[in-house]
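# Close look at the chain arrangement
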Amino acid sequence: MSSPSTMSGPRRGHPGAAAVPGPRGVRRVARPRPGRRVALAVFLAPALTLFLLLVIAPIVVASYASLFKWNGFNLPENFVGLDNYLRAFADPVFRGDLWRALLLIVGSLTIQLPVALGLAMLLNQRLAGRSFYRLVFFAPYVLSEVTTAVLFTLVFSPNRGLGDTISRWLGAEAGAIFADPDTVLIGVFLVVSWKYFGLYMILLLAARQGIPKELNEAALTDGATTWQAFRHVTLPLLGPTIRIAVFLSVIGTIQLFDMVWVLTGGGPIHSSETMAVTMYQYGFRRFEVGYASAISIVMFLLSLVFALFYQRVVLRRDTAGALTVQGGQR
Amino acid sequence: MTAHLSRRSLLGLVGAGAGAYLLSGCSGDDESSDPNAPQTINWWHIQNTEPMLPVWAAMAQEYRTAHSNVTIEIQPLENEAFKTKLTTATQAGSPPDLFQSWGGGVLRQQVDAGLVKDLTDDVQPWIGSLLPAALQPYTIDGRIYGIPFDVGMVGFWYNKDLFAKAGVTETPTTWAGVLDTVRKIKAAGIVPIALAGKDKWPAHNYWAYLAMRIGGLSALQQAAETKNFDTPDFVAAGERLKELVDLQPFQRGFLGAEYGSPDGQAATMGNGGAAMELMGQWAPSVQASSSTSKKGIGDKLGFFPFPVVDGGKGAGSEAFGGGNGFAIGKDAPASTVDFLASLLTVDNQRKAAQTGAVLPTVREAASGISDPNNKIVAENLASATGFQLYLDQAYPPAVGQQVNDSVAELIAGTKSPAQIVKDITTVAKSQ
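Calculation rules
- Residues numbered from 1 in each chain as written.
- Chains lettered and ligands numbered in written order.
- Predicted model: local features only at pLDDT ≥ 70, side-chain atom pairs only at ≥ 80, totals over all residues.
- UniProt positions renumbered as here; feature names shortened; annotations may be inferred.
- Helix = DSSP H or I, 4+ residues; strand = E, 2+ residues; numbered from the N terminus.
- Buried ≥ 20, exposed ≤ 12 C-beta atoms within 10 Å, placed from the backbone.
- Contact = placed C-beta atoms within 7 Å.
- Domains from an automatic or database assignment.
- Nonpolar A, V, L, I, M, F, W, Y, C, P; charged D, E, K, R; others polar.
- Expected span 1.5 Å × (residues − 1).
- pLDDT = per-residue confidence, 0-100.
- Right-handed = clockwise from strand over helix to strand, strands pointing away.
- Pairing = 2+ DSSP bridges.
- Core = buried A, V, L, I, M, F, W, Y, C linked by C-beta atoms within 7 Å.
- Axes fitted to C-alpha atoms, helices over the stretch in contact; angles between N-to-C directions.
- Parallel < 35°, antiparallel > 145°, perpendicular 65-115°, else oblique.
- Left-handed = near helix turned anticlockwise from the far one by under 90°.

Chain B has the name ABC transporter substrate-binding protein in an unreviewed UniProt entry, where Micromonospora rosaria is given as its organism.

An unreviewed UniProt entry lists chain A under the name Sugar ABC transporter permease, with Micromonospora rosaria as the source organism. For chain A, the Subcellular location (unreviewed entry) comment in UniProt is given as "Cell membrane". In the Sequence similarities (unreviewed entry) part of its UniProt record, chain A is described as follows: "Belongs to the binding-protein-dependent transport system permease family."

And the structure:
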């Protein structure tokens, strides 16, 4: 990602639509008339109720439950304070979950996104069968996670799978990829990447097509090489999209569940387990609901802290005016 | 990388469990003590496919015809879906009226939470007609909380052709014999054993049976009571299992294999890809249905009970297994027990047995068993001198899952026999 070049200069001010209060704009909302208050309440109520019921209430209940040793039956009574949290951070499996999440994040940022970017640039060129390739690369994203996972267990099924057979002609053993604790995480990463690189490719492609041709032409006319034009014109202008892609990727990895559950169940011997899988194991297999709640709260806090930090620090330019009111700019 | 488990659904998931107790006030079943008043029985069972699905339906219809005041709402559920749905319902404090139960640790939790009915007195008139072994998992502190309609045991299912090809003429009767057999089969270039490593529970069968043969039934029961598995007998069980694992007897990629998938343990057996598996009474039918031919290996399939271990305290006639039964929810209407009794008459048990999917628990219904494999299991079970429920069901869920996880670690070679008994003990003590 590039540092803010001259391009972000005019952007920062956002003199356009967002910040200028229209005749019925921002200022009125601050002190609405009584009639509008009612209207506001009526229109907000359904969304607010759902939000409170489906988002806030579970968070509150789960945080409460996480302070108890509780098997889920009747009311929680055995208060243990922060023991569940201490236990999680002392548990080699949960610590492994954190480590694996980090590995997957690093992998997706250094391999998956660059590949998606490269393909997006390639498919932006004039190329025979361009729309066909676009379709093919985007297709995996349309599949559900469970379908994808089942598909790949079949492909890499030992002795029967296509992937296994082909790999054995080549002298490799792809059929063992999900059965070997040392390779299973690589396998999961490949499948997840296969499914999601198309999404990032399409996002980046769309962003690339939003960049006016003239900018690149001007750079080339001024004597920039193709690489320089990409590095100093295209890439900075793709910045907002890349930053959003990184955000989606990290949050998605923290919460990774379905794919792993169906592909490997977290195994063999926990080597592909993620936080969400561990949480499910404890909550629904072992009936240690208190402990599972603690894990879910840790996941939530990790996502929340990352999201806030990222919005505040990295996405600030991109979301200015949309999420924050720029008082000084009015 | 984006997963489709959004934060909302994830927390909803936890919230479903955690928030469930908030709803516990909402149960409101018609709790009439009069068996003649109009009433509805909610029945959840897991025989959601042929052949048992229509049999249950017919039995319910028959009961309704005889008792016009009773309505029976049947909800057939797939096994895993049932577990999840029941977990939510029981945690919300409103179990169905009549529902599938495997007994053991989960039933005990439901008993402790006051969610199921004590049936001891109601069933006294007819409970004597059942096999005592079958009833054991449903008996908690001397009281009966569930009634089994199906019972079976785990043993070795083997491919007679592959045994013959490897020059094995007799099935082994000791653990040393098993190891010898495995060596011979492997030397003949045949995969000796099919195992589903991903599912974990198939591997737990080995460790549990070995512990049972080495320490005897009492060792397993004592471990449950004292919450201590760190004994020489349990360590020895792990060491014997390690002897087997060291021979590398399992099919390629077994750590990633499931039990019932098209390339899993059952399919490997059903396609003739391995010489034996240690599995329950359902093995022949799952082998058949997951094999490529949909027929399995037919009459080439044989059964032998888990052999004794030299110097062990357990007898070869003690069986390890489990079955299916029904428990009755706390708010069930009065005639539920009567309806349950009607499902367990000799006639109805015989009908169930004739499908081949059920091994009857009512002694006199044994004549209804037509499938030869089922007959062998039933005979072994009838002559069993003791019975132990699967450890992952007998013990509290957390301990049972730890047994499964630990045995998987032992088989993968990451933990030693001495380490796994310590891990299991730690979890048992924390319960």
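Let's pick the thread back up.
## A look at the overall build of chain B
Of the regular secondary structure elements, chain B holds 18 helices and 11 strands. Principal-axis analysis of the C-alpha atoms places the extent of chain B at approximately 70 × 50 × 50 Å. By the burial criterion, 53% of the 431 residues in chain B qualify as buried. Considering only contacts within chain B whose residues lie at least 6 apart along the sequence, 74% involve residues at least 24 apart.

## Here we look at the overall build of chain A
For chain A, the count of helices and strands is 15 helices and two strands. Considering chain A as a whole, with its 330 residues, one finds that 35% of them fall into the buried category. In chain A, the share of contacts with a sequence separation of at least 24, taken over all contacts with a separation of at least 6, comes to 67%.

## Concerning the domain arrangement of chain B
Residues and elements named next belong to chain B. Taken domain by domain, chain B comprises domain 1 (39-153 + 321-389) and domain 2 (155-320 + 392-430). Inter-centroid distance (C-alpha atoms) of domain 1 to domain 2 is 27 Å. Each side of the interface is counted separately: domain 1 has 28 residues, and domain 2 has 22 residues. Those elements that place two or more of their residues in the side of domain 1 that touches domain 2 are α4 (104-112), β6 (146-153), β10 (318-328), α15 (372-382) and β11 (386-389). Among the elements that line the side of domain 1 that touches domain 2, the one with the most residues is α15, at six residues. The residue makeup of the side of domain 1 that touches domain 2, split by class, is 13 nonpolar, 15 polar and no charged.

## With respect to helix α14 (residues 289-314) of chain A
The end-to-end C-alpha distance of α14 of chain A is 36 Å, a good match for the 38 Å that 26 residues give at a rise of 1.5 Å each. What α14 of chain A keeps buried is the set Val289, Gly290, Tyr291, Ala292, Ser293, Ala294, Ile295, Ser296, Ile297, Val298, Met299 and Phe300 of chain A.

## Examining the confidence of the model for chain B
A low pLDDT score tells you not to read the predicted coordinates there in detail. Residue and element names in this part refer to chain B. Mean pLDDT over chain B: 87, with 92% of residues reaching 70 or higher. Within chain B, no element has a lower average pLDDT than helix α1 (residues 7-18), which sits at 45, and none a higher one than strand β3 (residues 98-101), at 95. Overall, residues 1-31 carries pLDDT values under 50, and its contacts beyond four positions in sequence, including any with other chains, amount to 85 contacts. Model confidence for the complex is summarised by a pTM of 0.81, with the ipTM given as 0.78.

## Some thoughts on the pairing of strand β1 (residues 39-45) of chain B
Residues and elements named next belong to chain B. Of all seven residues in β1, six are buried, a share of seventy percent or more. Assessed by its sense of winding, the connection that carries the chain from β1 through helix α2 (residues 52-66) to strand β2 (residues 70-76) is right-handed. Sheet topology note: the β1/β3 ladder contains two bridges and is parallel. Its bridge partner lying in β3, Trp44 is registered against Phe99.

## Points about the UniProt feature "domain: ABC transmembrane type-1" (unreviewed entry) in chain A
The positions UniProt marks with the feature "domain: ABC transmembrane type-1" (unreviewed entry) are residues 98-310 of chain A. Along residues 98-310 of chain A one finds 75% helix and 0% strand; the C-alpha atoms at either end are 19 Å apart.

## A short note on the interface of chain A and chain B
With 56 residues of chain A at the interface, the matching set in chain B holds 37 residues. Contributing elements (two or more residues each) for the side of chain A that touches chain B: α3 (34-65), α5 (92-122), α9 (184-209), α11 (226-254), α12 (258-263), α13 (275-285) and α14 of chain A. With eight residues, α3 of chain A is the largest single contributor of residues to the side of chain A that touches chain B. The residue inventory of the side of chain A that touches chain B, partitioned by class, reads 31 nonpolar, 19 polar and six charged.

## Considering the UniProt feature "transmembrane region" (unreviewed entry) in chain A
All names here are of chain A. In this numbering, the UniProt entry assigns the feature "transmembrane region" (unreviewed entry) to residues 38-65, 101-123, 135-156, 184-206, 244-269 and 289-310. Span residues 101-123 is 96% helix and 0% strand, its end C-alpha atoms 31 Å apart. For residues 184-206, the end-to-end C-alpha separation is 34 Å, with 100% helix and 0% strand making up the annotated structure.

## Let's talk about the nonpolar core
Judged by nonpolar contacts, the single largest core of 193 residues is most densely connected at Ala116, Tyr200, Met201 and Ile295 of chain A together with Trp157, Leu210 and Ala211 of chain B. Take this core: its biggest share by element is 13 residues, from α9 of chain A. Each of domain 1 (39-153 + 321-389) and domain 2 (155-320 + 392-430) of chain B contributes no fewer than three residues to this core. With sequence-adjacent residues up to four places away left out, Ala116 of chain A is seen in contact with Phe197, Tyr200, Met201 and Leu204 of chain A.

## A closer look at the sheet that holds strand β9 (residues 301-304) of chain B
Residues and elements named next belong to chain B. Strand order in the open sheet formed by three strands is β8-β7-β9, and the pairing between neighbours is antiparallel. With one partner strand each, in any of the chains shown, β8 (276-279) and β9 form the two edges of the open sheet. Strand after strand, the sheet turns through a mean of 25° between neighbouring axes, direction not considered. As paired elements, strand β7 (residues 155-159) and β9 share four bridges and run antiparallel to each other. Looking at the pairing, Asn159 lines up with Leu301 of β9.

## Some remarks on the packing of helix α4 (residues 83-90) of chain A against α14 of chain A
Residues and elements named next belong to chain A. Between α4 and α14, the shortest axis-to-axis distance is 9 Å and the interhelical angle comes to 70°. With respect to their mutual orientation, α4 and α14 come out roughly perpendicular. Residues Asn84, Tyr85, Arg87 and Ala88 of α4 lie in contact with α14, whose contacting residues are Gly290, Tyr291, Ala294, Ile295 and Val298. Of the residues contributing to the contact of α4 with α14, the split by class is six nonpolar, two polar and one charged.

## Points about unusual backbone geometry
All names here are of chain B. In this model, Asp141 sits at a positive phi of 50°, which is unusual for a non-glycine residue. Mapped onto the fold, Asp141 is located in the loop between β4 (139-140) and β5 (143-144). Residue Asp141 is classed as exposed on the basis of its C-beta count, with 7 C-beta atoms lying within 10 Å. The phi dihedral of Lys227 falls on the positive side, at around 55°, and the residue is not glycine. Residue placement: Lys227 occurs in the loop between α9 (201-226) and α10 (232-246).

## Brief notes about the environment of Ala120 of chain A
All names here are of chain A. Note that Ala120 resides in helix α5. It is 12 Å that separates the C-alpha atoms of Ala120 and Thr241, two residues lying 121 residues apart in sequence. If sequence neighbours within four positions are ignored, Ala120 has contacts with Met201, Leu204, Leu205 and Arg208.

## Quick notes on the packing of helix α10 (residues 213-221) of chain A against α11 of chain A
Relative orientation and spacing of two packed helices are given, respectively, by the angle between their axes and the distance between those axes. Residues and elements named next belong to chain A. One way to put it is that α10 packs onto α11 with a least axis distance of 10 Å and a crossing angle of 145°. As α10 packs across α11, the resulting crossing turns out to be right-handed. Contacts between α10 and α11 involve Leu215, Asn216, Ala219 and Leu220 on the former and, on the latter, Ala229, Val233 and Thr234. The residue inventory of the contact of α10 with α11, partitioned by class, reads five nonpolar, two polar and no charged.

## Considerations on the confidence of the model for chain A
Residue and element names in this part refer to chain A. Looking at chain A, pLDDT values average 84 and 87% of them are 70 or higher. Under a pLDDT of 50 for its full length, residues 1-28 has, in the predicted model, 28 contacts with residues more than four places off or in other chains. A low-confidence stretch, residues 326-330 stays under pLDDT 50, and its non-local contacts, those more than four residues away or across chains, total eight contacts.

## Overview of the environment of Pro76 of chain A
Residue and element names in this part refer to chain A. Position of Pro76 among the secondary structure elements: in the loop between β1 (68-69) and β2 (78-79). Looking at Pro76, the number of C-beta atoms within 10 Å reads 21, which means it is buried. Along the sequence, Pro76 and Ile59 sit 17 residues apart, while their C-alpha atoms lie 16 Å from each other. In this view, Pro76 contacts Ala65, Phe68, Trp70 and Gly290; residues no more than four positions away in its chain are not counted.

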